[in-house]
Amino acid sequence: MAGGNRNRNKLGFSKNGFACGEASAGVREQMSSFLTTEVPRGAYTAMRTSRNRSAVFLLDFHKKRLVDSHRLLLAQDESSVSFSDPLTTTEEHFLELAVKSISASIYSLNEILEEEDEDREAMVTVVVTLSKPYAVHALASLLPDFREGGVGVEVRTGPRSRPKAKDSQWAITRKKWENIRLPGVEETILADEDGHLLEGATSNLFVFIDDVLCTAPDVILPGHLREVIINRVCPMLDIPVRMEAPALESHSRWQGGFITNARRLLDFVSCVKLPEKEGIPEVKLQTTQRCRQIRDAVAALVEHSSDPIS
């Protein structure tokens, strides 16, 4: 897309609440390197802005995610930094630093934007490191335009080992699937050994089966958009929800589906490729009216459920 190419290198970076200008050349060339090589391993989250980058959608959710993920990762690494370590900070000060870093990264991005970009929103990725010296890093990047067409996904066996913690190490782990994706595929859907579709490598998955919206139960990493769809959008639209991972064996009853994440918001799924399934190369899905209603309702909530950020 033209918009995606035009904005690829426009990234704002901050550390510990201070704007650092543009990100490094490596990150500008490949944004994923921010998590894989640019900053030390840590707990992270990714969020969307609204109102011309002056507010953040569900900021409190992301603050809680950083704290919860950081605690879970610390429990597995005794040498890591903790909030109780007198050489670091209190939880309250950490969250204040995280918000300042978000704001500073947006400021860095705003400084390099052209007039034609002024009405575009951004995604902000925040990492709080596990190793000393303690640090909070944030990267702001312009979001791509919404797209009406569907995306192709493929199913691979192998759920996350620590689904409850958002660990920047995951950006390295998921590379093994990204490197073998089939042509026309934009996301990898992770399945368990029994063929239940759990979540995307970078997204949450929803599938309509017999007029009920199905998504995996809380054995996955639940994103902020997933919670909004389950708890706010579907009740508002009178859409029944079943907390049950779609099973490959039920593919003939799939009526439509979509994936959600901070960068794309909501993408309709048009094709599910099954490279590990003999006899079923792919499943085609239609973009139903119900899928569009959910997408439109989520987009409207972004505007009304955002917190101003200075």
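Residues numbered from 1 in each chain as written. Predicted model: local features only at pLDDT ≥ 70, side-chain atom pairs only at ≥ 80, totals over all residues. Heavy atoms only, no water.

Colleague: Quick rundown of the nonpolar core? Include the residues and the values.
Modeller: Formed by 28 residues in total, the largest nonpolar core has its most connected members in Met47, Phe94, Ile102, Val124, Val126, Val128 and Val136. When contributions to this core are tallied by element, the ones reaching two or more residues are strand S3 (42-50), helix H4 (59-74), helix H5 (91-112), strand S5 (122-129) and strand S6 (136-142). One finds Leu58, Val228, Leu266 and Cys291 within the second-largest nonpolar core, a separate group that totals 23 residues. (Core = buried A, V, L, I, M, F, W, Y, C linked by side-chain atoms within 4.5 Å. Buried < 20%, exposed > 50% of the residue type's maximum accessible area, 1.4 Å probe, protein only. Helix = DSSP H or I, 4+ residues; strand = E, 2+ residues; numbered from the N terminus.)

Colleague: Talk me through unusual backbone geometry; I want residue IDs and the actual numbers.
Modeller: The phi angle at asparagine 16 is positive, at roughly 50°, despite the residue not being glycine. Within the secondary structure, asparagine 16 is located in the loop between strand S1 (11-15) and strand S2 (18-22). Residues other than glycine seldom take positive phi values, yet arginine 53 does so here, at roughly 65°. By the secondary structure assignment, arginine 53 is in the loop between S3 and strand S4 (55-57).

Colleague: How would you summarise the packing of aromatic side chains if you had to cite specific residues and measurements?
Modeller: For the structure shown, the criterion picks out 3 aromatic pairs. Seen in terms of ring centroids, tryptophan 170 and tryptophan 177 are 5.9 Å apart; in terms of plane orientation they differ by 50°. Their pairing is tilted. Overall, tryptophan 170 belongs to the buried group, its relative accessible area being 8%. Both rings, one in phenylalanine 206 and one in phenylalanine 258, keep their centres 4.9 Å apart while their planes meet at 20°; by these two values the pair is stacked. Pair noted here: phenylalanine 206 is in strand S10 (residues 204-209) and phenylalanine 258 is in strand S13 (residues 254-261), with a separation of 52 residues, a long-range link. In this structure phenylalanine 206 comes out as buried when scored by relative accessible area, which is 1%. (Phe/Tyr/Trp six-rings, centres within 6.5 Å; stacked < 30°, edge-to-face > 60°.)

Colleague: Give me the packing of helix H8 (residues 224-237) against helix H9 (residues 289-304): which residues, what numbers.
Modeller: Direction vectors running N to C along H8 and H9 enclose 115°, while the axes themselves pass 10 Å from each other. What the angle tells us is that H8 and H9 run roughly perpendicular. Helix-helix and strand crossings are classified by hand; for H8 and H9 the assignment is right-handed. Every residue of H9 that contacts H8 at Leu225, Val228, Ile229, Arg232, Val233, Cys234, Met236 and Leu237 is listed here: Arg290, Gln293, Ile294, Ala297, Val298 and Leu301. In terms of residue class, the contact of H8 with H9 is built from 11 nonpolar, 1 polar and 2 charged. (Axes fitted to C-alpha atoms, helices over the stretch in contact; angles between N-to-C directions. Parallel < 35°, antiparallel > 145°, perpendicular 65-115°, else oblique. Left-handed = near helix turned anticlockwise from the far one by under 90°. Contact = heavy atoms within 4.5 Å. Nonpolar A, V, L, I, M, F, W, Y, C, P; charged D, E, K, R; others polar.)

Colleague: Quick one: what's the story with the pairing of S1, residue by residue and with numbers?
Modeller: With 4 of its 5 residues buried, S1 lies for the most part within the structure. Bridge count between S1 and S6: 5 bridges; the pairing is antiparallel. Its bridge partner lying in S6, serine 14 is registered against alanine 138. (Pairing = 2+ DSSP bridges.)

Colleague: I'd love a proper account of the packing of H4 against H5, names of residues and values included.
Modeller: In contact at an axis separation of 11 Å, H4 and H5 are set at 125° when each is read in the N-to-C sense. As far as their axial angle goes, H5 and H4 are oblique. As for how H4 packs across H5, the hand of that crossing is right-handed. Where H4 abuts H5, its residues Leu59, Lys63, Leu66, Val67 and Arg71 lie against Glu91, Phe94, Leu95, Ala98, Val99 and Ile102. The residue inventory of the contact of H4 with H5, partitioned by class, reads 8 nonpolar, no polar and 3 charged.

Colleague: Describe the environment of arginine 41, listing the residues and the values that go with them.
Modeller: Tracing the backbone shows arginine 41 in the loop between helix H3 (33-38) and S3. Accessibility expressed as a relative area gives 32% for arginine 41, which makes it partly exposed. Between the alpha carbons of arginine 41 and aspartate 167 there is a distance of 7.5 Å; along the sequence they are 126 residues apart. Among residues more than four places away in sequence, those in contact with arginine 41 are Leu73, Thr129, Leu130, Arg162, Asp167, Ser168 and Gln169.

Colleague: Break down the pattern of salt bridges for me, citing the residues and quoting the values.
Modeller: For the coordinates displayed, the defined rule picks out 24 salt bridges. With a shortest N-O distance of 2.6 Å, arginine 41 and aspartate 167 are connected by a salt bridge. Within this pair, whereas arginine 41 is found in the loop between H3 and S3, its partner aspartate 167 is found in the loop between strand S7 (151-157) and helix H6 (170-173), the two being separated by 126 residues in sequence. By relative accessible area, aspartate 167 is classed as buried at 5%. (Salt bridge = Lys/Arg side-chain N within 4 Å of Asp/Glu carboxyl O.)

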